[in-house]
Structure formats: structure tokens, C-alpha cells
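One-letter residues, chain by chain:
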Amino acid sequence: MLEINTVHNQFLELNNSTVQLALKPEYLIHTFISGNKYRKLKYNLEKAKDLKNDTILSFGGAYSNHIAATAFAGKFYGFRTVGIIRGEELVDKVGSNPTLKFAKGCGMQFKFVDRETYRHKTEVDFVDSLKAEFGDFYLVPEGGTNLLAVRGCEEILNKNDSDFDVICCSIGTGGTISGVINASKSHQKILGFPALKGDFIREDIRKFATKDNWDLITDYHFGGYGKIKPELIAFINDFKKRYNIPLDPVYTGKMMYGIFDLIEKRFFPKDSKILAIHTGGLQGIEGMNITLKRKEWPLIK
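What counts as what
Residues numbered from 1 in each chain as written. Predicted model: local features only at pLDDT ≥ 70, side-chain atom pairs only at ≥ 80, totals over all residues. Heavy atoms only, no water. Core = buried A, V, L, I, M, F, W, Y, C linked by side-chain atoms within 4.5 Å. Buried < 20%, exposed > 50% of the residue type's maximum accessible area, 1.4 Å probe, protein only. Helix = DSSP H or I, 4+ residues; strand = E, 2+ residues; numbered from the N terminus. Contact = heavy atoms within 4.5 Å. Phe/Tyr/Trp six-rings, centres within 6.5 Å; stacked < 30°, edge-to-face > 60°. Lys NZ or Arg CZ within 6 Å of the ring centre and 35° of its normal. Axes fitted to C-alpha atoms, helices over the stretch in contact; angles between N-to-C directions. Parallel < 35°, antiparallel > 145°, perpendicular 65-115°, else oblique. Left-handed = near helix turned anticlockwise from the far one by under 90°. Nonpolar A, V, L, I, M, F, W, Y, C, P; charged D, E, K, R; others polar. Pairing = 2+ DSSP bridges.

1. As for the nonpolar core
Within soluble globular proteins, side chains that are nonpolar tend to cluster in buried spots.
Turning to step 1, where the next piece is worked out: By size, the foremost hydrophobic cluster in this structure holds 37 residues, and its most contacted members are L21, F193, F239, M256 and I259.
Turning to step 2, where the next piece is worked out: Listed by contribution, the elements that provide at least two residues to this core are β2 (20-25), β7 (166-171), β8 (189-194), α9 (230-243), α10 (252-264), β10 (273-278) and α11 (284-295).
Turning to step 3, where the next piece is worked out: Filtering out sequence-adjacent residues up to four positions away, F193 remains in contact with C168, C169, S170, I171, I217, Y220, M255, G258, I259 and L262.
Turning to step 4, where the next piece is worked out: Core analysis: the second largest hydrophobic core is formed by 27 residues, I33, I67, L90 and M108 among them.

2. Comments concerning the packing of aromatic side chains
Turning to step 1, where the next piece is worked out: Counted according to the given criterion, the structure contains 18 aromatic pairs.
Turning to step 2, where the next piece is worked out: Relative to Y257, the ring of Y220 lies with its centre 6.3 Å away and its plane at 55°, an arrangement referred to as tilted. Highlighted residues: Y220 in the loop between β9 (214-216) and α9 and Y257 in helix α10, separated in sequence by 37 residues.
Turning to step 3, where the next piece is worked out: Residue classification places Y220 among the buried positions, given a relative accessible area of 8%.
Turning to step 4, where the next piece is worked out: Put simply, the rings of F193, Y220, F222, F235, F239, Y243, Y257 and F260 touch in pairs and so form one group of aromatic residues.
Turning to step 5, where the next piece is worked out: Residue placement shows R86 over the ring face of Y118; its charged tip is 5.3 Å from the ring centre.
Turning to step 6, where the next piece is worked out: The positively charged end of R151 is found above the aromatic ring belonging to Y43, 3.7 Å away from the centroid.

3. Here we look at the packing of helix α1 (residues 36-50) against helix α2 (residues 65-77)
Turning to step 1, where the next piece is worked out: For the pair α1 and α2, the least separation of the axes is 10 Å and the interaxial angle reads 45°. Considering the angle they form, α1 stands oblique to α2. For the pair α1 and α2, the sense of crossing is right-handed. Between α1, through K37, L41 and L45, and α2, the contact on the second element is made entirely by N65, H66, A69, T70, A73 and Y77.
Turning to step 2, where the next piece is worked out: Looking at the contact of α1 with α2, its residues break down into 5 nonpolar, 3 polar and 1 charged.

4. Here we look at unusual backbone geometry
Turning to step 1, where the next piece is worked out: Although it is not a glycine, N244 sits at a positive phi angle of roughly 60°.
Turning to step 2, where the next piece is worked out: Considering the arrangement of structural elements, one finds N244 in the loop between α9 and α10.
Turning to step 3, where the next piece is worked out: On the accessibility criterion, N244 (58% relative accessible area) is exposed.

5. Points about the sheet that holds strand β3 (residues 55-60)
Turning to step 1, where the next piece is worked out: Spatial ordering of the open sheet is given by β5-β4-β3-β6, a layout of 4 strands whose pairing is parallel. Because the sheet does not close on itself, it has two edges, and the strands there are β5 (109-113) and β6 (138-139).
Turning to step 2, where the next piece is worked out: When β3 meets β6, the two strands line up parallel, connected through 2 bridges. Looking across to β6, one finds that I56 is bridged to Y138.
Turning to step 3, where the next piece is worked out: Running at roughly 165° to β3, α2 makes contact with β3 and β4 (80-86) of the sheet.

Okay, structure coming up:
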């Protein structure tokens, strides 16, 4: 069995603040199946094993945390893995793409599809075509989100987290925050920080969340998924220097930027105890730095 590390909340020193802020460093539970990716895969891999299915197939983009984690988990647990990757232009760039290079090194087989085809990834005809090509497989959705993933993410919170008034979580496909909502206490408010532009993710969360003690903060996407601005880079690097905690630029960096901005704006009631969940995603920093280098912007340290 994969051994994971126990993590403990880290309280962050804030200047002239009327609130307390702690961080749950889920990224430390494992080097390669980090944070919410471990939580999402845990019960899906158990289900695949129970079904005696030896192949895991899933979907992701060029720097997908989920693809990297699935590839490593497959190698560790003895599953064949197949990644359906968005972007035909990547077929000749695996060697220069750190995420895909890592996944390939773990034994993952790729199929690169154009963006229009990728949009049909949930349709029966497309899935059937993949079965015809790769044989029978256990399908894990893009980002890993399904009922079993939400069940795993319900284990992020524990009894030591009951004293917090507000719990903050970054959002990609909505599975992680759904698990956090389901495991939260009635007195707690769950705030989600989407990495994507807009609040359409609400409907996806409602499919899995069993409580209504949550809301979205949609002002800190920095232009949309995978988008970044110099002020976010500066914040991430300053945060690392100040707390010795790395943040990824797609999810947790944006969430923490938002939390600090809201604290400064006195958004949270006085004496609030806030818990921010660090869901991992650090493997994506290397890929982002390739983009930043092309732009001649500062790199993420």
C-alpha cells in the first residue's frame, strides 16, 4: 500500500489582522500523488481493483496534475494507464513537457486529440471509440471528479478542523470542495475559489454537495484557467519566502492571493478562524515557468 504522510495545520503569522489563518498542507501527504489527487484516486483505484480491471483511462491537458498523479498511481499499483490529452500539437513535445515526460516515464500511453474532439470526452460514442481502440478500461473523469472522488475528499477534514469558522478551497472540477462541504460542520462556511472564469461550476458542485453552507469567490481567477499575471507571481514568491510554503500558480496561488486580499479588505468577521486547504499541484510549476520564460517574466521560485 502507498504510504502517505500525516499533515498538521500550520498557522500563518499575519500583520495587524483581526483574524487567524491556518493552512492544511495536503500537498505534503505524498510527493507524486499530492493532495486532492490522492484523495480523488483512492476509492477509484479500489473500485477498479474490485472490478478486476487492469487499465485506468482518464483525460487532461498539457500540465495536468491529475494526469501526472494517475500515471504514478498506475505504476505503483500495477495498472496500465492511458491518458487522453487535449491538444494534437503536443504529440511531438512530450520530451520537453515536464508533466507528460513524467507520465510517460511512469508508463502512461497517450492519445492526443484536438480541442473540438476533447469536448466530447463524456459522450457515449466517444468513450465507445476509446474502448474499441484500447480495450476495456476503468474510466476516471477529467480532474478525477466523481462520487468516489468526492468520498475521498470528504476525508480531508478531521476532528481537529471543527473549530474553524471558514474553510477555503481552490476549485477546478468541483470534486474537492464538494467533499469538504459534505464533511463540514453546520457552523462552518465553505468558500470556493474557482481557477476558471465565471461561476458555472456551481451546478457541478450542486450535483455532489449535500449541504448549502458554501459560496464561491469568483474575483481571483486572473483571467481564467492557467492564466497568470506578474502580481500573482510576486505574491507566490513572497509567500514562499515568508512562510517557506510553495504555492502553485493555477489553484492554490490564486486562492491564497484572494484570501490575503479579502483579509486586508476586512471581508471576514473579526476573530474569524480561517482554514485554507493546500491541495497540491506543485508539479505544474515547472511547466508554468517554461511559459513565463518565453514571456520574459519573473519565474516562480
